[in-house]
Amino acid sequence: MKNMYSHRFQSVEEIQDEFEKGGYICSKEIATCLYIAYNLQKPMMVEGPAGVGKTEMAKTTAEILGVPLIRLQCYEGLDESKALYEWKYGKQLLYTQLLKEKLNDFMGDAETMEESMAVLHSKEDLFFSEDFLEPRPLFKALKEKAGCVLLIDEVDKSDHEFEAFLLEILSEFQVSIPEIGTLTADVKPFVFLTSNNNREMSDALKRRCLHLNVPYPEADLERRILNSRVPELSENLQKNLVDFIHKLRDMDLKKAPSISETIDWARVLVLLHAEELDKEFVETTLNTVLKFEDDIEAVNEQLDSLLESVHSAE
Amino acid sequence: MQAVLEDFLKAVRSHDITVSSAESIEAGHTFELIGFESREILKYALSATLAKNLEERESFSKCFDGFFSFESFKERTEQAEEKKQIEQELGEYQGDSELVKMMLAKDQVALSNKMKKAAREIGITDIWFFTQKGIYSQKIMKQMGSAQIGEEIAALSGGTCPTAMAQANQLRQVRKTLQSEVQGFVEQQLSIYGANTNKRLREEFLTNARLSNIERRDFHRMHEIVRKMAKRMSDTYSKKRKQTQRGQLDFRKTMRKNVAYDGVPFETFWRTKNVDKPKIVAICDVSGSVSDYSRFLLLFLYSLKDVLSRIDSFAFSSSLVDVNTIFEDYAVEQAIEVALKEGGGGSTDYGQTFMDLKRDRLENSNNLLNIDNKTSVIILGDARNNYGDPRTDILKLVYQRAKRVIWLNPEPKISWNTGDSEMDKYRPYCHLVSECSTIKQLNNMIDDLLKVSFA
């Protein structure tokens, strides 16, 4: 059977190239991790601050492999009925209502109670068949014939119970539905779990995953990312921008800017036809990079010295 | 390869990274997949399979670099030139035994392999303590055949021929080099396989030692131990809290949602129950009589504060000092120094302290801060009141209001009520009085406390 694991990704370098073509610049470490995750078919737990491209990584993988991306966003209180499947109660009810009138024909010449029950028994599974099943992300991922990329986002926000439930899926790639039976994936999905380290995951879950930590990128890598995402930006401006962002990350801020903020800011620069990173411009657009009022104030206070150090580094 | 992997996993384990057998298999697959071609990629790959968090990644990186380093038998350049001269003078002496030949030919790879083989044969991976270095070096030397060098030296220096004498000297030099290489190697192996044995033993000792016997220099380790314990507790605590979140059926919301189903409540909504928010008020004696303990008690409070934000901490000797802001503002060591300075110094006065407590936490104008039936009060102190008025009436009041009052006394039970200790007077107004002189006891106590207050 043709599936996403057939003859692709022969080496780490190949992954780097492919991802670069897909617009995702990954370091050697990320590429290595993707390589073994792909070849050993293991789930990958990606950790790191918000906005460094954890979700983007899964998206790009799906694009490159040419399979759908199925995403499950975790939150407190997420349970099986939201993550795996649910019965379409409304449809079931509606059908029973509609069928009420047909009931006589259907029962035919069943006279006694026993006979009627026997007729019913022969049909009852109709209402608990896949037609009445509302598939949720995990169910969909297992059903996908050609495989898929399954992204379980912010798994650290889910409850302990849900985490335990994930274990069955992640180790066996199968799940049991009481009314229907056990569902096993034909092709194992490529699973990404992302976590912001809100809480420590259980050892059992950790054991089943490969671990990758994505930190803020080095200046060099970040420039390459900018180059691929916002190619219109002039080289000089790009350098200043990245230097400035790195300076910000060294400061004690509530939320340090991530790659996604860098890209946003670069787009703003291009949109406003900015020629250089001057004080006025930074002051007016700083809110694209920093999300807290306190942070903006703190940076504004030191803006002169920050800009000076950035420009003098040229 | 199998052997290398096994040794490596052993090394990884000794760096405090747990590796289950399933993970070893996984590591084996990774090895097969990646191979030895690129050291960098292999490191990333194994790190992804074995290390589970940031801390582990760091120790893994250290372990990997140590394990896969090939520095042995490298020639120091300046020595090499000198040697060349000597060699020319000495002419051709090839040596008899294999080892001597290798040494003379300076076959780095062969020597290194031979040493590693010898090391494996004698079981170097079991090395634990620095005291074992000597014996392991000797064993490796012997296994490599150092006895033969000795024989050859003896044979050469037997006669009177000057060339033979010089050659014997050269061999002595060779033996010395070999020895220092082996020693270096053993040292490195110890740092790989025995990395954390000392630490582990020390930690075990510290958990069970009386707080008063622990020295200042162990403070960092204590902090680490205490932090771990506090973390574990907070994990249990947060789990308990979640379980109580389902409450009554929200009838209106359920009906509205289920109109579509003919009013049959397929989908139910629950009124979330108000989460019971337990509070802890901790009061810690920092006076002279408990100065041996107070540092660690404060450390414990500080670590608890890290994980349980709802802990309200005070220090006192002659009067009560709120240390919450100090704990928030300073790093741990500084915070403790400041707390000791602000709270300590005076002679213990439980009476005054209780009066302050009454003012701040029983009759505070902000009712939220006051002790109520959800509050657990922990008092850490030796109850030595310098024969002052114990003011048991206030403690009684606290006892009546709070959910629990717990007194943890760092003194051994036998010295309670001797001298100025008022333990017996306070005891009736505490739900629990317990001796707590080691970190382990302290931990068990707090564990019990959390179980009760958060159940």
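So, here is what we can say about the structure in this document. These figures come from a predicted structure and were not determined experimentally.

Criteria and cut-off values
Residues numbered from 1 in each chain as written. Chains lettered and ligands numbered in written order. Predicted model: local features only at pLDDT ≥ 70, side-chain atom pairs only at ≥ 80, totals over all residues. Heavy atoms only, no water. Helix = DSSP H or I, 4+ residues; strand = E, 2+ residues; numbered from the N terminus. Buried < 20%, exposed > 50% of the residue type's maximum accessible area, 1.4 Å probe, protein only. Contact = heavy atoms within 4.5 Å. Areas by Shrake-Rupley, 256 points an atom, 1.4 Å probe, with all protein chains shown as cover. Buried area = accessible area lost by both parts, 1.4 Å probe. Salt bridge = Lys/Arg side-chain N within 4 Å of Asp/Glu carboxyl O. Polar contact = N/O pair within 3.5 Å; in protein donor to acceptor, adjacent residues only side chain to side chain. Nonpolar A, V, L, I, M, F, W, Y, C, P; charged D, E, K, R; others polar. Patch = residues over 30% accessible without salt bridge, like charges linked within 9 Å, V, L, I, M, F, W, Y side chains within 5 Å. Pairing = 2+ DSSP bridges. Axes fitted to C-alpha atoms, helices over the stretch in contact; angles between N-to-C directions. Core = buried A, V, L, I, M, F, W, Y, C linked by side-chain atoms within 4.5 Å. Expected span 1.5 Å × (residues − 1).

### Section: the overall build of chain A
Logical step 1: From N to C terminus, chain A includes 16 helices and nine strands.
Logical step 2: Buried positions account for 47% of the 314 residues belonging to chain A.
Logical step 3: Residue pairs in contact within chain A that sit at least 24 positions apart in sequence constitute 75% of those at least 6 positions apart.
Logical step 4: Total accessible area on chain A is roughly 15,700 Å²; 49% of this is exposed by carbon and sulfur atoms.

### Brief notes about the interface of chain A and chain B
Logical step 1: Contact with chain A, which involves 25 residues of that partner, is made by 26 residues of chain B.
Logical step 2: The contact between chain A and chain B buries some 2,400 Å² in all, and 65% of this surface belongs to carbon and sulfur atoms.
Logical step 3: At the junction of chain A and chain B, the tally comes to three salt bridges.
Logical step 4: E26 of chain B is paired through a salt bridge with K42 of chain A; the nearest N and O atoms lie 3.5 Å apart.
Logical step 5: Our count for the chain A to chain B interface comes out at four residue pairs in polar contact (both at pLDDT 80 or more).
Logical step 6: The element best represented in the side of chain A that touches chain B is helix 2 (residues 28-40) of chain A, accounting for eight residues.
Logical step 7: Grouping the constituent residues of the side of chain A that touches chain B by class yields nine nonpolar, seven polar and nine charged.

### Details of a nonpolar patch on the surface
All names here are of chain A.
Logical step 1: Taken together, the side chains of L103, F106, M113, M117 and L120 make up a nonpolar region of the molecular surface, amounting to roughly 480 Å² of accessible area.
Logical step 2: Those elements giving two or more residues to the nonpolar patch turn out to be helix 6 (103-107) and helix 7 (113-123).
Logical step 3: The element best represented in the nonpolar patch is helix 7, accounting for three residues.
Logical step 4: Checked against the element boundaries, L120 lands in helix 7.

### A short note on the sheet that holds strand 9 (residues 210-213) of chain A
All names here are of chain A.
Logical step 1: Taken together, five strands build an open sheet; the order of strands is 2-5-8-1-9 and the sheet is parallel. Looking at the sheet topology across the chains shown, the edges are occupied by strand 2 (69-73) and strand 9. Sheet twist, expressed as the mean angle between neighbouring strand axes with direction ignored, is 20°.
Logical step 2: Where strand 1 (residues 44-47) meets strand 8 (residues 190-195), four bridges bridge the pair, whose relative direction is parallel. Its bridge partner being in strand 8, M45 is matched across the sheet by L193.
Logical step 3: Contacts from helix 2 reach strand 1, strand 8 and strand 9, with the element oriented near 160° to strand 9.

### Observations concerning the pattern of salt bridges
Logical step 1: Applying the stated criterion to the full structure yields 29 salt bridges over all chains.
Logical step 2: A salt bridge links E40 of chain B to K28 of chain A; its shortest N-O distance comes to 3.6 Å. One end of the pair, E40 of chain B, is in helix 3 (residues 39-50); the other, K28 of chain A, is in helix 2, on a second chain.
Logical step 3: On the basis of relative accessibility, which here comes to 38%, the residue E40 of chain B falls in the partly exposed class.
Logical step 4: Where D7 of chain B meets R120 of chain B, a salt bridge forms, and the shortest distance between an N and an O atom there is 3.2 Å. Pair noted here: D7 of chain B is in helix 1 (residues 2-14) and R120 of chain B is in helix 7 (residues 108-121), with a separation of 113 residues, a long-range link.
Logical step 5: Here D7 of chain B falls in the buried class, since its relative accessible area comes to 15%.
Logical step 6: Given a relative accessible area of 43%, R120 of chain B falls into the partly exposed group.
Logical step 7: Within the structure, one salt-bridge network assembled from shared partners comprises R39, K43 and D65 of chain B.

### Some remarks on the environment of A83 of chain A
Residue and element names in this part refer to chain A.
Logical step 1: Secondary-structure assignment places A83 in helix 4 (residues 80-83).
Logical step 2: C-alpha of A83 to C-alpha of K140: the two residues are 57 residues apart in sequence and 9.8 Å apart in space.
Logical step 3: When near neighbours in sequence (up to four residues on either side) are disregarded, A83 contacts L72, L78, R136, P137, L138, F139 and F162.

### Side note on the environment of L46 of chain B
Logical step 1: When you line up the elements, L46 of chain B lands in helix 3.
Logical step 2: Along the chain, L46 of chain B and A27 of chain B lie 19 residues apart, while their C-alpha atoms are 6.5 Å from each other.

### Observations concerning the nonpolar core
Logical step 1: The biggest cluster of nonpolar side chains holds 118 residues, and the ones touching the most others in it are M57, F192, F244, W265 and L277 of chain A together with F8 and I140 of chain B.
Logical step 2: Considering each element in turn, this core owes the most residues, eleven residues, to helix 10 (residues 162-193) of chain B.
Logical step 3: In contact with F192 of chain A, not counting residues within four places along its chain, are L34, M44, V46, M57, A58, T61, V149, L150, L151 and I152 of chain A.
Logical step 4: One finds V226, Y302, V321 and L442 of chain B within the second-largest nonpolar core, a separate group that totals 39 residues.

### A short note on helix 9 (residues 160-172) of chain A
Along an α-helix, residues three or four positions apart point the same way, because every turn accommodates 3.6 residues.
All names here are of chain A.
Logical step 1: In this model, helix 9 (13 residues) spans 19 Å end to end at C-alpha, consistent with the 18 Å of a helix rising 1.5 Å per residue.
Logical step 2: Turning to helix 9, its buried residues are F162, E163, F165, L166, L167, I169 and L170.
Logical step 3: Looking one or two residues beyond helix 9, the residue adopting positive phi is F173, at roughly 55°.

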